[in-house]
2 protein chains.
Amino acid sequence: MPNSTLEHEAFARKLAGSGLRSTPQREVVYNVLMQKRDHPTAEEVFTRVRERRPGISLATVYNCLETLAQCGLVRQVNLEREPTRYCPNLLPHAHFHDEETGAILDVDLPASLLDKLKVVLPRGYEASVIEIAFRGRARPPLSARRTVQSA
Amino acid sequence: MPNSTLEHEAFARKLAGSGLRSTPQREVVYNVLMQKRDHPTAEEVFTRVRERRPGISLATVYNCLETLAQCGLVRQVNLEREPTRYCPNLLPHAHFHDEETGAILDVDLPASLLDKLKVVLPRGYEASVIEIAFRGRARPPLSARRTVQSA
DNA sequence: GCAGCCAATTGGAATGATTCCGGATAGCAA
DNA sequence: TTGCTATCCGGAATCATTCCAATTGGCTGC
Ligand SMILES: [Mn+2]
Ligand SMILES: [Mn+2]
Ligand SMILES: [Zn+2]
Ligand SMILES: [Zn+2]
């Protein structure tokens, strides 16, 4: 089971590895992201977090998200000029952005494709991150045409 | 010679194709982009354009860039949360973003790779645009270590 | 040539996601 | 306890971009 939610302990260890503390705020932000595995904006995360921790501030949510991203617990996703979104899926994957509904879909990338991608760089260029985004329309196959649900 | 600068005529035709007029402002913005084939921000385009057309406004530069992008004469490039950049290279290509210098490099993509990319989408998902961005460091080979020039 | 029409341009105000700041808090160490 | 910092917090500031309302300019039809 790849990429499962970390427990208190493991979560704290991961942060400690970057010289950071585990705090209630950070933990809630993290858990909220892992619970619903979509791609919320900071504002959306704020809304969800407030249900569990009404006193938290938007600034703190931004800080926590930044912190979690820095120690690799979540991924930042930027599409077009829209507000940054946060992705709990740590496996290498691309994003499909439906320009009609705004829905964002994780698209798994086979290792073979990633290998081919690195080869296109000229000598001397080393990429630490590769971002791939598809933009277009999703025409769900008939089998799924009942209640269309965005994620 | 792929992707060469359009003349007045062809430029006007291309715009007319989208029901738009060719204007001096649009033409200057276009020519400025084609002249130095880098990835300037709107602000940088504004600076360059003002040399030829001191009266132009920033709003107009934004409008022209938007217009040119809409009829496919230039490409918008968004990296991270930085200001949008504009790319005159219409061939399919990816971008390498040097996180040290900020330089942006066009990276040609073989058609075979693009084919492989489309295959990863699940049934029913059709992408009209595929954006690929590498982020990392460029360690120029010794042969190029004299005057390092950003683009 | 002139009036009318609509696209395009313009300066300035507004927007909005994100960052910054300075002061409270709170966990840990001595 | 008493510090020492890391963290949190509310509110102000930032700044790329968009919006707006007013002007301008190019055509079309007369
Ligand atoms: Mn969208
Ligand atoms: Mn940069
Ligand atoms: Zn994702
Ligand atoms: Zn480019």
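Summarised in this report is the structure supplied together with it.

What counts, and at which threshold
- Residues numbered from 1 in each chain as written.
- Chains lettered and ligands numbered in written order.
- Predicted model: local features only at pLDDT ≥ 70, side-chain atom pairs only at ≥ 80, totals over all residues.
- Heavy atoms only, no water.
- Helix = DSSP H or I, 4+ residues; strand = E, 2+ residues; numbered from the N terminus.
- Buried < 20%, exposed > 50% of the residue type's maximum accessible area, 1.4 Å probe, protein only.
- Contact = heavy atoms within 4.5 Å.
- Near = heavy atom within 4 Å.
- Polar contact = N/O pair within 3.5 Å; in protein donor to acceptor, adjacent residues only side chain to side chain.
- Nonpolar A, V, L, I, M, F, W, Y, C, P; charged D, E, K, R; others polar.
- Donors = N, O, S within 2.8 Å, 3.2 Å for Na, K, Ca; no water.
- Least-squares fit on C-alpha atoms with pLDDT ≥ 70 in both.
- 1 Å grid on protein atoms, 1.4 Å probe; cavity = no way out; pocket = protein on both sides within 12 Å on 5 of 7 lines; lining within 4 Å.
- Points joined across faces, edges and corners; volume = space filled by probe spheres on them.
- Buried area = accessible area lost by both parts, 1.4 Å probe.
- Salt bridge = Lys/Arg side-chain N within 4 Å of Asp/Glu carboxyl O.

1. Points about the overall build of chain A
Phase 1 of the analysis: A count of helical and extended segments in chain A gives five helices and five strands.
Phase 2 of the analysis: When its helices and strands are written in sequence order, chain A yields α-α-α-α-β-β-β-β-α-β.
Phase 3 of the analysis: Once the C-alpha set of chain A is aligned to its principal axes, its extents read approximately 50 × 40 × 35 Å.
Phase 4 of the analysis: Burial analysis of chain A (151 residues in total) assigns 39% to the buried set.
Phase 5 of the analysis: The contacts in chain A between residues at least 6 apart in sequence include a share of 50% that link residues at least 24 apart.

2. Here's the deal with the protein's contact with DNA strand D
Phase 1 of the analysis: Residues in contact with DNA strand D amount to 14 residues; listed here are only the nearest, T23, S57 and T60 of chain A together with Y62 and T84 of chain B.
Phase 2 of the analysis: Backbone sugar and phosphate groups make up 85% of those atoms of DNA strand D lying within 4 Å of the protein.
Phase 3 of the analysis: Residue T23 of chain A places a side-chain N or O atom 2.6 Å away from a phosphate oxygen belonging to DNA strand D.
Phase 4 of the analysis: With respect to DNA strand D, the backbone of T84 of chain B contributes an N or O atom lying 2.7 Å from a phosphate oxygen.
Phase 5 of the analysis: Taken together, the residues of the surface near DNA strand D sort by class into five nonpolar, six polar and three charged.

3. Topic: the protein's contact with DNA strand C
Phase 1 of the analysis: Near DNA strand C, the surroundings consist of 15 residues, among which Y62 and T84 of chain A together with T23, S57 and T60 of chain B are the closest.
Phase 2 of the analysis: By atom count, sugar and phosphate contribute 86% of the portion of DNA strand C lying within 4 Å of the protein.
Phase 3 of the analysis: Y62 of chain A places a polar side-chain atom, nitrogen or oxygen, 2.6 Å from a phosphate oxygen of DNA strand C.
Phase 4 of the analysis: Per-element tally for the surface near DNA strand C: the top contributor is helix 4 (residues 58-70) of chain B, with three residues.
Phase 5 of the analysis: Its residues assigned to classes, the surface near DNA strand C comprises five nonpolar, seven polar and three charged.

4. Points about the side chain of D38 of chain A
Phase 1 of the analysis: Considering the arrangement of structural elements, one finds D38 of chain A in the loop between helix 2 (24-35) and helix 3 (42-52).
Phase 2 of the analysis: A polar contact of 2.7 Å, which involves the side chain of D38 of chain A, links it to the side chain of R48 of chain A.

5. Here's the deal with the coordination of the manganese ion (ligand 2)
Residue and element names in this part refer to chain B.
Phase 1 of the analysis: Here the manganese ion (ligand 2) is held by E82 (OE) and H97 (NE2), and the distances to it run 2.3 to 2.6 Å. Note that E82 is positioned in the loop between strand 1 (75-77) and strand 2 (85-87) and H97 in strand 3 (residues 93-98), a separation of 15 residues in sequence.
Phase 2 of the analysis: Taking the relative accessible area as the measure of exposure, E82 reaches 29% and is therefore partly exposed.

6. A closer look at the relation of the copies chain A and chain B
Phase 1 of the analysis: Overlaying chain A with chain B gives an RMSD of 0.0 Å, the required rotation being 180 degrees about an axis along which the chain moves by 0.0 Å. Read as a symmetry element, the transformation amounts to a two-fold axis. Of every C-alpha in chain A, the one belonging to I132 of chain A sits nearest the axis of rotation, 2.3 Å from it.
Phase 2 of the analysis: Mapped onto chain B, 100% of the interface residues of chain A again fall at the interface, so both copies present the same surface.

7. Focus: empty space enclosed by the protein
Phase 1 of the analysis: Considering all chains together, one arrives at two cavities of 30 Å³ or more under this definition.
Phase 2 of the analysis: Volume-wise, the largest cavity comes out at about 320 Å³.
Phase 3 of the analysis: Residue classes in the lining of the largest cavity are distributed as 11 nonpolar, seven polar and seven charged.
Phase 4 of the analysis: When its volume is computed, the second largest cavity comes out at roughly 50 Å³.
Phase 5 of the analysis: Every residue lining the second largest cavity is listed: L79, E80, H97, A133, F134 and R135 of chain A together with E131 of chain B.
Phase 6 of the analysis: Ranked by residue count, the leading element in the lining of the second largest cavity is strand 5 (residues 125-138) of chain A, at three residues.
Phase 7 of the analysis: Taken together, the residues of the lining of the second largest cavity break down into three nonpolar, one polar and three charged.

8. Side note on the interface of chain A and chain B
Phase 1 of the analysis: Contact with chain A, which involves 37 residues of that partner, is made by 37 residues of chain B.
Phase 2 of the analysis: Both sides of the chain A and chain B interface together cover about 3300 Å² of buried area, and 57% of this is carbon and sulfur.
Phase 3 of the analysis: In terms of surface lost to chain B, no three residues of chain A exceed R81, F134 and R135 of chain A, which account for 18% of the buried area on that side.
Phase 4 of the analysis: Connecting chain A to chain B are four salt bridges.
Phase 5 of the analysis: The salt bridge involving R139 of chain A is made with E126 of chain B; its shortest N-O contact spans 3.7 Å.
Phase 6 of the analysis: Viewed at the interface, chain B and chain A are joined by 19 residue pairs in polar contact (both at pLDDT 80 or more).
Phase 7 of the analysis: Elements with a minimum of two residues in the side of chain A that touches chain B: strand 4 (104-108), helix 5 (111-119) and strand 5 of chain A.
Phase 8 of the analysis: For the side of chain A that touches chain B, the element with the most residues is strand 5 of chain A, which contributes 14 residues.
Phase 9 of the analysis: Here the side of chain A that touches chain B is built from residues that sort into 20 nonpolar, five polar and 12 charged.

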